[in-house]
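These are the residues of each chain, in order.
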Amino acid sequence: MKTIPVLFSLLALAGVIARAAPADRPNVVIIYADDLGWGDLGCYGNPVIRTPNLDRMAAEGMRFTDFYSAAEVCTPSRAALLTGRYPLRNGMCHDQFRVLRNNSAGGLPRDEVTLPELLKGRGYSTGIVGKWHLGHLPEHLPAHHGFDAYFGMPYSNDMMPAPDAPKGRPKFYEENNAYWRTPLIRGTEIVEAQPDQRLLTRRYTEEAVKFIREKKAAPFFLYVAHSFPHVPLFASERFRGKSAAGVYGDVIEELDWSVGEILATLRTEGLDRKTLVVFSSDNGPWLIFNHHGGSAGPLREGKGSTWEGGMRVPGLAWWPGKIPAGSVQREIATTMDLFTTCAKLAGATVPADRTIDGLDISPLLFNTGPVARDAFFYYRGATLYAARLGHWKAHYITRSAYGPDQPVKHEPPQLYHLGEDVSERIDRAKENPAVLARINEAVARHRADLKPAPSQLIETVARAN
Ligand code: MG
């Protein structure tokens, strides 16, 4: 009779040992492009830009068709990725100034729990290479949010034009490196006031490879947040002038090279079977920059908008031996899910004292079953513009990304079927009142669950404004 409890104890002990064993905690690498569109990669149907490394990553792993960033611009998107929460909850949204500027005083609230903080609690080394954009003042830098190491730019690469830079919007087209002065930071110190942006992707890559080699003995979390293809666009000598898609194509092809270098390092170091790598983008393409902006493929609009092109982005997941090779995942997934999923994979517990919006999508990644998801919500700043439930999406408010127009409220909401009409062209609200009612109920459930952010909304308005 005593054998059963003993057996259970042994099994429980084995479970504890298994959870504690480093082999069971995968390394995690998240590669995050800036303003890359759904349609910019070969594996997403781009006919011009050459992305053999990303295409191979998709062929060896999983390609998501319906992968979402939690916001249509940089700052809130990054905050959601690292906290697993809609920007409205984590304090990183503002209706008018939706992005932190180079003279903003605010940053990610300290009482938010970030993914690197959770993973550090499980013995991970943590590093970020590239664009932070969650507060550039010393008290907001990555060191205060769970990162052991940081090398990169504190905000977007267009935020510090030199005094002699041409004024007005055309300045963004200017590829003259001397016009841009976004600094590079290592740890908490500015190490270069005016880095050569042509070398950014290469230098970020070298830093990422070095981090992997140095930290390979124990589990690590590496967040590679590229500055490109956010304008102004720069590529190194090796890639410049090579793509038929112009400088935008050059930049993407160099980012593709970078992904290849990182995956090759994982292979040569023998880490490929114990590392989850995810590639995605913070928001859709910045279409107002014409040939310097990317493509959302068949999706409507781009960066700054809550149409699909603003928030549905490429999503690739790679973990040889664990994620089925060559798989295409058509279920909805979001960058917020990475928080919960990676925490679970590392054996960490997600915070119970706040709402976490991210779901554990490991059943999707490993093709072991469905994930119970309610609706996905599209915000612009602190305002809910749209909601998706299954294939149906209701727009309560629409607005062009960067036009002078005002938001337009829709009553009844516009309703699109993203299966039959991925480009959101045919409003089907009139003949589908029951569908609208279901989405309205999902929005009501979401709103009932919205509590104030644990910190006050941090000031994101530029001091100078
Ligand atoms: Mg962006």
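See above for the structure.
Bear in mind that the values here come from a model prediction, so they are computed numbers and not experimental data.

**Some remarks on the overall build of the protein**
- When helices and strands are tallied, the protein shows 11 helices and 14 strands.
- Classification of the 465 residues of the protein by burial places 59% in the buried group.
- Long-range contacts, defined as pairs at least 24 residues apart, comprise 70% of the intrachain contacts of the protein with a sequence gap of at least 6.
- Summed over all atoms, the accessible surface of the protein reaches about 18,300 Å², with 55% contributed by carbon and sulfur.

**Re the coordination of the magnesium ion**
- Around the magnesium ion, the protein contributes the donor atoms Asp34 (OD), Asp35 (OD), Cys74 (SG), Asp282 (OD), Asp282 (OD) and Asn283 (OD1), which lie 2.1 to 2.7 Å from the metal centre.
- Bound by 6 donor atoms, the magnesium ion shows angles of 52 to 157° at the metal and therefore irregular coordination geometry.
- For the magnesium ion, all donor residues lie on one chain, and their spacing in sequence is D-D-x38-C-x207-D-N. Here the residue Asp34 occupies a position in the loop between strand E1 (27-33) and helix H2 (52-60), and Cys74 occupies one in helix H3 (residues 74-83), the gap between them amounting to 40 residues. Like Asp34, the residue Cys74 is buried in the burial classification.

**Some details on helix H6 (residues 200-215)**
- Between the first and last C-alpha of H6 there are 22 Å, a value that for 16 residues agrees with the 22 Å anticipated at 1.5 Å per step.
- Every buried residue of H6 is listed here: Leu200, Thr201, Tyr204, Thr205, Glu207, Ala208, Val209, Phe211 and Ile212.
- Residues of H6 that are buried in the fold lie against strand E3 (125-130), strand E4 (149-152), strand E5 (184-186), strand E7 (220-225) and helix H7 (246-268).

**Topic: the nonpolar core**
- The biggest cluster of nonpolar side chains holds 52 residues, and the ones touching the most others in it are Met57, Leu222, Leu266 and Phe279.
- No other element matches H7, which puts 10 residues into this core.
- Sequence-distant contacts of Met57, defined by excluding residues within four places in its chain, comprise Val259, Leu263, Val277, Val278, Phe279, Leu316 and Trp318.

**What about the layout of surface pockets?**
- Considered as a void within the structure, the second largest pocket measures approximately 270 Å³ in volume.
- Lining the second largest pocket we find 18 residues, and of these Tyr86, Asp357, Asp374, Ala375 and Phe377 sit closest to its centre.
- Those elements giving two or more residues to the lining of the second largest pocket turn out to be strand E11 (376-380) and helix H11 (433-448).
- Among the elements that line the lining of the second largest pocket, the one with the most residues is H11, at 3 residues.
- Counted by class, the lining of the second largest pocket contains 9 nonpolar, 3 polar and 6 charged residues.
- Lining the lining of the second largest pocket are residues from two domains, each supplying at least three of them: domain 1 (26-365) and domain 2 (376-449).

**A closer look at the sheet that holds strand E8 (residues 275-281)**
- The mixed open sheet is built from 10 strands, whose spatial order is E6-E5-E4-E3-E7-E1-E8-E9-E2-E10. Across the chains shown, the open sheet's two edge strands, defined by having one partner strand only, are strand E6 (189-192) and strand E10 (327-334). Put simply, the sheet's adjacent strands are angled 20° from each other on average, direction ignored.
- Across 3 bridges, E3 lies against E4 in parallel orientation. Bridge pairing in E4 places Gly127 opposite Ala149.
- Of the strands in this sheet, E1 and E7 touch H3, which is tilted by about 170° from E1.

**Points about the packing of aromatic side chains**
- Under the criterion given, the structure shown has 17 aromatic pairs.
- Joined through ring pairs, the aromatic side chains of Tyr68, Tyr86, Phe376, Phe377, Tyr378 and Tyr379 make up one cluster.
- Just above the ring of Trp286 sits the side chain of Lys303; from NZ or CZ to the centre is 3.4 Å.
- Between Lys322 and the ring centre of Phe366, over which it is positioned, the NZ or CZ distance is 4.9 Å.

**Remarks on the pairing of E8**
- Along E8, 7 of the 7 residues are buried, which leaves the element largely enclosed by surrounding structure.
- Alternating positions in E8 separate into two faces, Thr275, Val277, Phe279 and Ser281 on one and Leu276, Val278 and Ser280 on the other, with burial throughout.
- Sheet topology places E8 next to strand E9 (residues 312-318); 4 bridges connect them, and they run antiparallel. Opposite Ser280, over in E9, you have Gly315 as the bridge partner.

**Remarks on unusual backbone geometry**
- Of note, the amide linkage connecting Phe228 to Pro229 takes the cis form, showing an omega dihedral of 10°.
- Backbone geometry places Asp35, a non-glycine residue, at a positive phi of 75°.
- For Asp35, the location among the structural elements is in the loop between E1 and H2.
- For Asp35, a relative accessible area of 2% puts it in the buried group.
- Look at Glu424: it is not a glycine, yet its phi comes out positive at around 55°.
- Among the secondary structure elements, Glu424 is positioned in the loop between strand E14 (408-417) and H11.
- Assessed through its relative accessible area of 0%, Glu424 is described here as buried.

**Re the side chain of His136**
- Within the fold, His136 resides in the loop between E3 and E4.
- Residue His136 is classed as buried on the basis of its relative accessible area, which comes to 18%.
- In this structure the side chain of His136 is engaged in a polar contact, spanning 3.1 Å, whose partner is the backbone oxygen of Asn102.
- Excluding anything up to four places from it in sequence, His136 contacts Arg101, Asn102, Asn103, Ser104, Leu141, Pro154 and Tyr155.

Criteria and cut-off values
Residues numbered from 1 in each chain as written. Predicted model: local features only at pLDDT ≥ 70, side-chain atom pairs only at ≥ 80, totals over all residues. Heavy atoms only, no water. Helix = DSSP H or I, 4+ residues; strand = E, 2+ residues; numbered from the N terminus. Buried < 20%, exposed > 50% of the residue type's maximum accessible area, 1.4 Å probe, protein only. Contact = heavy atoms within 4.5 Å. Areas by Shrake-Rupley, 256 points an atom, 1.4 Å probe, with all protein chains shown as cover. Donors = N, O, S within 2.8 Å, 3.2 Å for Na, K, Ca; no water. Tetrahedral: all angles 85-135°; square planar, octahedral: opposite > 155°, others 65-115°. Expected span 1.5 Å × (residues − 1). Core = buried A, V, L, I, M, F, W, Y, C linked by side-chain atoms within 4.5 Å. 1 Å grid on protein atoms, 1.4 Å probe; cavity = no way out; pocket = protein on both sides within 12 Å on 5 of 7 lines; lining within 4 Å. Points joined across faces, edges and corners; volume = space filled by probe spheres on them. Nonpolar A, V, L, I, M, F, W, Y, C, P; charged D, E, K, R; others polar. Domains from an automatic or database assignment. Pairing = 2+ DSSP bridges. Axes fitted to C-alpha atoms, helices over the stretch in contact; angles between N-to-C directions. Phe/Tyr/Trp six-rings, centres within 6.5 Å; stacked < 30°, edge-to-face > 60°. Lys NZ or Arg CZ within 6 Å of the ring centre and 35° of its normal. Polar contact = N/O pair within 3.5 Å; in protein donor to acceptor, adjacent residues only side chain to side chain.

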